[in-house]
Amino acid sequence: IKNMKKNIYLKPHEADCKVVLLDDAHTMNDQAQNAFLKILEEPPERVYFILIAEDSHRLLQTVLSRCQKKSFSALEINDMATLLKKQLSIAGDKAMTLANLSGQNMDQAYHLTDES
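The rules behind the values
- Residues numbered from 1 in each chain as written.
- Predicted model: local features only at pLDDT ≥ 70, side-chain atom pairs only at ≥ 80, totals over all residues.
- Heavy atoms only, no water.
- Salt bridge = Lys/Arg side-chain N within 4 Å of Asp/Glu carboxyl O.
- Buried < 20%, exposed > 50% of the residue type's maximum accessible area, 1.4 Å probe, protein only.
- Helix = DSSP H or I, 4+ residues; strand = E, 2+ residues; numbered from the N terminus.
- Arc of directions from axis to C-beta.
- Patch = residues over 30% accessible without salt bridge, like charges linked within 9 Å, V, L, I, M, F, W, Y side chains within 5 Å.
- Areas by Shrake-Rupley, 256 points an atom, 1.4 Å probe, with all protein chains shown as cover.
- Lys, Arg positive; Asp, Glu negative; His and termini not counted.
- Charge placed at Lys NZ, Arg CZ, Asp CG, Glu CD.
- pLDDT = per-residue confidence, 0-100.
- Core = buried A, V, L, I, M, F, W, Y, C linked by side-chain atoms within 4.5 Å.
- Contact = heavy atoms within 4.5 Å.
- Expected span 1.5 Å × (residues − 1).
- Polar contact = N/O pair within 3.5 Å; in protein donor to acceptor, adjacent residues only side chain to side chain.
- Pairing = 2+ DSSP bridges.

### With respect to the pattern of salt bridges
Using the criterion set out here, one finds 2 salt bridges in the structure. A salt bridge links Arg58 to Asp55; its shortest N-O distance comes to 3.8 Å.

In structure tokens, the structure reads:
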């Protein structure tokens, strides 16, 4: 959050706006969430925040109240296998196996690929 605060007030170089992606936002401690809350209360102009949280109930209610919630479902196995084939240039049967073993989690599928 401290590093983000330094950069969000700078004007973007090539775009009209900035997008800040906070992956695993649910892992922020209360101190980090309160620091982020101060930014959310008075956000810089043309800055958009995307929080990814598998466990949103771990976020402070004051943070959640300033966010719009959007849920995403897991990829279908066949769609995931297709993506794996394209992105990793692997055979179809191996891609399907990875999609099934990963529990429809792309990060896990990439991790499994690294292990094989």
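### Thoughts on helix α5 (residues 92-101)
Buried residues of α5: Ala95, Leu98 and Ala99, and no others. Projected onto a plane normal to the axis of α5, the buried residues spread over an arc of 100 degrees and lie on a single side. The exposed residues of α5 that point more than 90 degrees off its buried face are Asp93 and Leu101. With its phi angle positive at about 70 degrees, Gly103 sits one or two positions after the end of α5.

### Considerations on a positive patch on the surface
The grouping of Lys2, Lys5, Lys6 and Lys38 at the surface amounts to a positive patch. At 3 residues, helix α1 (residues 2-8) tops the list of elements feeding residues into the positive patch. Residue classification places Lys2 among the exposed residues on the basis of a relative accessible area of 70%.

### Observations regarding a negative patch on the surface
A grouping of Asp23, Asp24, Glu54 and Asp107 is seen on the molecular surface, where their side chains present a negatively charged patch. With respect to the helices and strands, the residue Glu54 is situated in the loop between β2 (47-51) and α3 (61-64). We classify Glu54 as exposed; its relative accessible area is 70%.

### Comments concerning the confidence of the model for the protein
Across the protein, the average pLDDT comes to 90, with 98% of residues at or above 70. When pLDDT is averaged over each helix and strand of the protein, the minimum, 84, is found for helix α6 (residues 106-115) and the maximum, 96, for α3.

### Concerning the nonpolar core
One finds Met4, Ile8, Val20, Leu22, Met28, Phe36 and Phe49 to be the most contacted residues of the largest nonpolar core, which totals 15 residues. Only α1, β1 (18-22), α2 (30-41) and β2 provide two or more residues apiece to this core. Considering each element in turn, this core owes the most residues, 5 residues, to α2. Those residues in contact with Met4, other than ones at most four positions away along the chain, are Val20, Leu22, Phe36, Ile39 and Phe49.

### Here's the deal with α2
Compared with the 16 Å implied by 1.5 Å per residue over 12 residues, the 16 Å span of α2 between its first and last C-alpha is a close match. Buried residues of α2: Ala32, Gln33, Phe36, Leu37, Ile39 and Leu40, and no others. Angular distribution of buried residues about the axis of α2 spans 160 degrees; they occupy a single face of the element. Turned more than 90 degrees off the buried face of α2, the exposed positions are Gln31 and Lys38. With a side-chain oxygen positioned 3.1 Å from the backbone nitrogen of Gln31, the residue opening α2 is Asn29.

### Comments concerning the pairing of β1
Covered by surrounding structure in β1 are Lys18, Val20 and Leu22 only, the residues Val19 and Leu21 on the alternate face being uncovered. Pairing between β1 and β2: 5 bridges, direction parallel. Bridge assignment links Leu21 to a residue of β2, and that residue is Ile50.

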